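Residue-level listing of the chains:
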Amino acid sequence: MDLEKRPPGRPQEPPPRRSDPEGCVAAAIRVPVRIVVLVLVVPVRMAWDLLVVAGRLLRDTVFRPAGRALARLGRALFVWPLVGLWRYVVVPLGKGLAVLGHVLLVVPAVWVHTWVLAPAGRTIAWCAAGVGAVLAAVGRGLYAALARLGRYLVLVPATWLYAWLLTPLGHALAWCGRGLAWCGKGAARGLGLVVTGIGAVLYRTLRLLLVLPALALWRWVLTPVGRVLAVISREVLDALGHGWRIAGHVSRAFGRFLGTLWRWAVAEPARWAYRTVLTPVGHAVRNTVLRPLAEAGRAAGRATRQALAAARLTVRQTRADLRRALFGPPPAARRADRREPSVAEARTLGSSTTALTKD
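Owing to the predicted nature of the structure, the values given are computational and were not obtained by experimental measurement.

Student: Account for the overall build of the chain, naming residues and giving values.
Tutor: When its secondary structure is counted, the chain shows 2 helices and 0 strands. Considering only intrachain contacts with a sequence separation of at least 6, the fraction spanning at least 24 residues in the chain is 78%. Accessible area for the chain stands at about 30500 Å²; split by element, carbon and sulfur atoms hold 72% of it.

The structure is reproduced here in structure tokens:
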């Protein structure tokens, strides 16, 4: 959509055509290289995808459960014993050793420091302070005497020697050095001109023999060859990228085809067989075989429990009768206490017998 108004008699100019900035070499090698790379990369990409799927399957089904089992085994074999050893052996032993060390070492050491070392140290410090004061006074006297001797024996003669001997001698040597420097400057200038001429001749010679041929080799041979190789390598890398992506699409489509084939050939028939055949058969087996067997087992269990309860009650009564026959009747209170459980047990036995008769 053109928003600018043009004069009515002026025709519209066509847009300028873009020239290929990559050159004819890239355009000539692009399609063959991409075709060859695609043919070579598709099997590699499919093998890579298969390896990835197999690795994920092994990770989810083998390595991860094995790692969890090894982690639990290592925790049971190493961590828990070490924790128990630390908690129940090392820590109590360390606390006991700490208390023992405090009693045997710290308390005697504190007592020795408080009552022996501290007074001895204070006494030694007082004596050292007195001796230090005496030595300081002696040192100050020696320092003053040595300072006086050094001033009159060393400093005054050195000052006189510097002022009246070394300074005039240094001025004379400086005047002689300036004269020699002026003479040497002229000789150095002439030597510099000679060296400059020799350097210019060597520079021209080396430039003609080495620099210009190397520059021509770089400009007219190595640079074009490098550009061609750069274009070829760039196209090969681009072709590898395109081939890898296209191979990924092909591998994904092949994987989806295999998944669909597996679903319709194995999964769907198995699901249909499970829903339409195995589920009704399982329900029928459960309703006709398993449930009656379970009911019979529960009834047999109830009957067995009731028979055992009746047998226990009979044994208990027989034992009470034997005890009464051997040792006489119990006191009135114990007789009253035992009468109530016997009545309750008789009622329980009667209800159990009734339920068994109904069954």
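Student: Please set out the layout of surface pockets residue by residue, giving values where relevant.
Tutor: Using a probe with the size of a water molecule, rolled over the atoms, empty space left in the structure can be pinpointed. By volume, the second largest pocket amounts to about 150 Å³. Taken together, Met46, Asp49, Leu50, Val53, Ser251, Phe254, Gly255 and Leu258 make up the full set of residues lining the second largest pocket. Across the lining of the second largest pocket, the residue classes break down as 5 nonpolar, 2 polar and 1 charged.

Student: Explain the confidence of the model for the chain residue by residue, including any values.
Tutor: Residues at a pLDDT of 70 or more form 84% of the chain, whose mean pLDDT is 81. Between residues 13-21, whose pLDDT stays under 50, and residues either more than four places distant or in other chains, the model counts 1 contact.

Student: Tell me about the nonpolar core, and please be specific about residues and values.
Tutor: Ranked by size, the top nonpolar core spans 6 residues in total: Val33, Val37, Val41, Val42, Ala239 and Ala247. The contact partners of valine 41, leaving out residues within four places of it in the chain, are Leu240, Gly243, Trp244 and Ala247.

Student: Quick one: what's the story with the side chain of serine 251, residue by residue and with numbers?
Tutor: Structurally, serine 251 can be placed in helix H1 (residues 23-327). Here serine 251 is in contact with Arg45, Met46 and Asp49, once residues within four sequence places are set aside.

Student: Break down the pattern of salt bridges for me, citing the residues and quoting the values.
Tutor: Two side chains that carry opposite charge are able to pair once their charged atoms sit near each other. For the structure on display, the rule yields 6 salt bridges. Across the salt bridge formed by aspartate 60 and arginine 64, the nearest N and O atoms sit 3.7 Å from each other. Of the two residues, aspartate 60 and arginine 64 both sit in helix H1, 4 residues apart, roughly one turn of that helix. Aspartate 60 sits in the partly exposed class, given a relative accessible area of 40%. The exposure class of arginine 64 is partly exposed, given its relative accessible area of 40%. Where glutamate 295 meets arginine 298, a salt bridge forms, and the shortest distance between an N and an O atom there is 2.3 Å. One end of the pair, glutamate 295, and the other, arginine 298, are both in helix H1, 3 residues apart, so they sit about a helical turn from each other. Of the residues examined, glutamate 295 reaches a relative accessible area of 44% and is grouped as partly exposed. One network of salt bridges, with partners in common, ties together Arg59, Asp60 and Arg64.

Student: Lay out the environment of glutamate 235 with the relevant residues and their values.
Tutor: Counting through the fold element by element, glutamate 235 comes out in helix H1. Considering only alpha carbons, one finds glutamate 235 and isoleucine 29, 206 residues apart in sequence, at a separation of 7.6 Å.

Student: Now, about the environment of phenylalanine 254: what can you tell me, with residues and values included?
Tutor: Position of phenylalanine 254 relative to the elements: it lies in helix H1. Along the sequence, phenylalanine 254 and methionine 46 sit 208 residues apart, while their C-alpha atoms lie 8.8 Å from each other.

Student: An account of the side chain of arginine 45 is needed here, citing residue identities and associated values.
Tutor: In this fold, arginine 45 is placed in helix H1. Its relative accessible area of 14% is what places arginine 45 among the buried residues. The contacts of arginine 45, once residues within four sequence positions are left out, are Trp244, Ala247, Gly248 and Ser251.

Conventions used here
- Residues numbered from 1 in each chain as written.
- Predicted model: local features only at pLDDT ≥ 70, side-chain atom pairs only at ≥ 80, totals over all residues.
- Heavy atoms only, no water.
- Helix = DSSP H or I, 4+ residues; strand = E, 2+ residues; numbered from the N terminus.
- Contact = heavy atoms within 4.5 Å.
- Areas by Shrake-Rupley, 256 points an atom, 1.4 Å probe, with all protein chains shown as cover.
- 1 Å grid on protein atoms, 1.4 Å probe; cavity = no way out; pocket = protein on both sides within 12 Å on 5 of 7 lines; lining within 4 Å.
- Points joined across faces, edges and corners; volume = space filled by probe spheres on them.
- Nonpolar A, V, L, I, M, F, W, Y, C, P; charged D, E, K, R; others polar.
- pLDDT = per-residue confidence, 0-100.
- Core = buried A, V, L, I, M, F, W, Y, C linked by side-chain atoms within 4.5 Å.
- Buried < 20%, exposed > 50% of the residue type's maximum accessible area, 1.4 Å probe, protein only.
- Salt bridge = Lys/Arg side-chain N within 4 Å of Asp/Glu carboxyl O.

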